[in-house]
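Examining the three-dimensional arrangement
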Amino acid sequence: METHVILPGEIEVTDNPSIELRTCVGSCVAVAMYDHQVRIGGLAHIMLPQASDKKEKARPALYARSGIPLLLNKMIKSGASKDRIVAAVAGGSLILTDRKLGVELNIGRRNINIVQQVISSLGIPIVRQDTGGYFGRVLKLNLEDGLIDIREVKEKKQKDTESEIVGDIKLEDFKNRIDKLKPVPDIARMIISRIKYSGTSSYDLEKYIIKDPALTANVLKLCNSLDYGFQKQIHSIRRAGELLNPETFKNIVLDASGYNLYEDTINGYSLENKEMLNHSLCCAKVARLISQEKKINNPDVIFTAGLLHDIGKVILDQYFFEKFNLIMDKIINEDMQFIDAENEILGYNHAQVGEIVAMEWNLPGILVESISLHHQPEKTKGNPEVVSIIHIADCICSMIGYGGGANIVANQINRSAISCINLQSDDVDKIIEKLPEVLNLG
Ligand SMILES: [Fe+2]
Ligand SMILES: [Fe+2]
């Protein structure tokens, strides 16, 4: 059976019996429809209740008010009959709730209310509903028989056995073994071709570099090396482009693009289908949005921190992609969080690996901290606001389905991170409302 994953703001309708439609929702709502007679089914991943007519027209599938009628129309166009179609609804969790702080993300509840109103106004019976609560859910629709499986992704179970370390490389060995990260081939290739044009500016290059965490890390590493003798460490690609003369900058970027490496294929360890790349970009964009919303400087640095927070996963991919399946197995079958599955399979996790490499490369402390502590923001000493923003942005990405493939658990946001940046319910609403525009992931 082939699985089609429906991402936020996507709709798919099919009559292919060998397909399973699947989506993971937190505060978003999955709406499945099925006609048992003709075996046509569809699934929508609804992100927000409603928006202005203009926004709904531009991206109807993102919103309940426009997306559900669109799903129904697609079903009917494919040959389903409105009289026979039934619906199932899952999601709408209150994931960001922390009652003690009085912070509640009510987007889940609002989503559910509108979804129910719209479905009932269309006259479609809801035969299965699993909504609310504090966990993410996975909804699967089997096209062969219309069977709908809704599974809560619960908190991890405690393991009572000692972790077995089966990693081939010791954590401390990463320092010596990692020379250069492999950038994403498409982006590296595009950058190399742009560098050849004399008219390409540093600003033009920045636009491409910041789409690739590995490349961003490589460029920052080179800029912060002793060769350039900067008094202060460089925190963002924009700053590097401003400080270096254009030719030097181009040379650094060319070197960082690793033109003799980029032809190697990268697969496994969550990089498949660009999920990891999209997760990093999503986190960077959401983090910048939070910093702008909360007026916390500097958005460029925060963007870089978001882009690099999971750089340890990119590194592990280059050594352990064959172990990725074992890690995924733990996550899916034992409801384990990614970082715990890594600890069990490898003996360490991506945040630790990221920290070691970030330090070895002389990346600025603010980036080292956000890489090493993005899953434990309460431990932060130097840059609590930045690490808290990255942690929150990371959770929001998982919540809306940009969790990098593996982070299917809809995380509860750490309380200390919420209070650190004084995140209020209104702020979270504003951030979520802006996501459709911000998440124009390339
Ligand atoms: Fe992470
Ligand atoms: Fe992440």
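Since the structure is predicted, the reported quantities are computational estimates derived from the model, not experimental observations.

Notes on the overall build of the chain
Check the secondary structure of the chain and you find 19 helices and nine strands. Burial analysis of the chain (442 residues in total) assigns 52% to the buried set.

A few points about the environment of K232
When you line up the elements, K232 lands in the loop between α7 (213-223) and α8 (237-243). K232 gets classed as exposed once you count the C-beta atoms within 10 Å, which come to 9. Sequence separation between K232 and P364 is 132 residues; the distance between their C-alpha atoms is 9.1 Å.

Section: the sheet that holds strand β2 (residues 11-14)
Within the open sheet, the five strands sit side by side as β2-β5-β4-β6-β7. Their pairing is mixed. Either end of the sheet is taken by a strand with one partner, and the two such strands are β2 and β7 (126-131). Going from strand to strand, the sheet's axes swing by 10° on average, the running direction of each strand aside. Where strand β6 (residues 86-91) lies against β7, five bridges are found, and the strand directions are parallel. Across the sheet, A88 pairs through a bridge with R128, a residue of β7. Where helix α2 (residues 64-77) meets the sheet, its contacts fall on β2, β4 (29-35) and β5 (40-46), and the angle it forms with β5 comes to roughly 165°. Docked against the sheet, helix α3 (residues 107-121) engages β4, β5, β6 and β7, running at close to 25° with respect to β4.

Overview of the nonpolar core
V31, A32, V115 and A287 are the most contacted members of the largest nonpolar core, which has 126 residues in total. If we ignore the near neighbours within four places in the chain, the residues touching V31 are A44, I46, I68, L71, A87, V89 and V115.

Considerations on the pairing of β2
Of the two faces of β2, the one holding I11 and V13 is buried and the one holding E12 and T14 is not buried anywhere. When β2 meets β5, the two strands line up antiparallel, connected through four bridges. The partner of E12 across the bridge, within β5, is L43.

Here we look at the packing of helix α11 (residues 299-308) against helix α17 (residues 384-399)
Two elements in contact, α11 and α17, have axes separated by 10 Å at closest approach and are oriented at 50°. By the angle class used here, α11 and α17 are oblique. The crossing of α11 and α17 is right-handed. The residues of α17 that touch α11, namely those facing I302, A305 and G306, are V386, I389, I390 and A393. Of the residues assigned to the contact of α11 with α17, the class counts are six nonpolar, one polar and no charged.

Description of the confidence of the model for the chain
When pLDDT is averaged across the chain, the result is 79; 76% of the residues are at 70 or more. Looking at the elements of the chain, mean pLDDT is at its lowest for helix α4 (residues 174-177), recorded as 64, and at its highest for α2, recorded as 97. A low-confidence stretch, residues 97-102 stays under pLDDT 50, and its non-local contacts, those more than four residues away or across chains, total nine contacts.

Description of the packing of helix α16 (residues 365-372) against α17
Between α16 and α17, whose axes approach to 9 Å, the crossing angle comes to 40°. What the angle tells us is that α16 and α17 run oblique. Between α16 and α17 lies a crossing whose hand is right-handed. Two secondary-structure elements touch here, α16 through I366, E369 and S370 and α17 through V386, V387 and I390. A class-by-class count of the residues in the contact of α16 with α17 yields four nonpolar, one polar and one charged.

Some words on the environment of G133
Checked against the element boundaries, G133 lands in the loop between β7 and β8 (136-142). Judged by the 15 C-beta atoms lying within 10 Å of it, G133 falls in the partly exposed class. Once the C-alpha coordinates of G133 and S93 are considered, the two residues, 40 residues apart in sequence, prove to be 5.2 Å apart.

With respect to unusual backbone geometry
Outside of glycine, negative phi angles account for most residues, and trans bonds account for most peptide bonds. In this structure, R39 takes a positive phi of about 55° despite not being glycine. In the Ramachandran plot, N422 falls in the positive-phi region, its phi being about 55° despite a non-glycine side chain. Along the chain, N422 turns up in the loop between α18 (415-420) and α19 (425-438). By the C-beta count within 10 Å, which is 13 here, N422 ends up partly exposed.

Regarding the environment of I327
Residue placement: I327 occurs in helix α13 (residues 324-334). Look past the residues within four positions of I327 in its chain and what remains in contact with it is A341, E342 and I345.

A short note on helix α14 (residues 338-346)
Extensive coverage of α14 is indicated by the burial of eight of its nine residues. Listed as buried for α14 are F338, I339, D340, A341, E342, E344, I345 and L346. Directly beyond the C-terminal end of α14, a positive phi value near 95° is found at G347.

Some details on α17
An ideal rise of 1.5 Å per residue puts 22 Å on 16 residues; α17 measures up with 22 Å between its terminal C-alpha atoms. In terms of residue burial, α17 counts as a mostly covered element, since 15 of its 16 residues are buried.

What counts, and where the lines are drawn
Residues numbered from 1 in each chain as written. Chains lettered and ligands numbered in written order. Predicted model: local features only at pLDDT ≥ 70, side-chain atom pairs only at ≥ 80, totals over all residues. Helix = DSSP H or I, 4+ residues; strand = E, 2+ residues; numbered from the N terminus. Buried ≥ 20, exposed ≤ 12 C-beta atoms within 10 Å, placed from the backbone. Pairing = 2+ DSSP bridges. Axes fitted to C-alpha atoms, helices over the stretch in contact; angles between N-to-C directions. Contact = placed C-beta atoms within 7 Å. Core = buried A, V, L, I, M, F, W, Y, C linked by C-beta atoms within 7 Å. Parallel < 35°, antiparallel > 145°, perpendicular 65-115°, else oblique. Left-handed = near helix turned anticlockwise from the far one by under 90°. Nonpolar A, V, L, I, M, F, W, Y, C, P; charged D, E, K, R; others polar. pLDDT = per-residue confidence, 0-100. Expected span 1.5 Å × (residues − 1).

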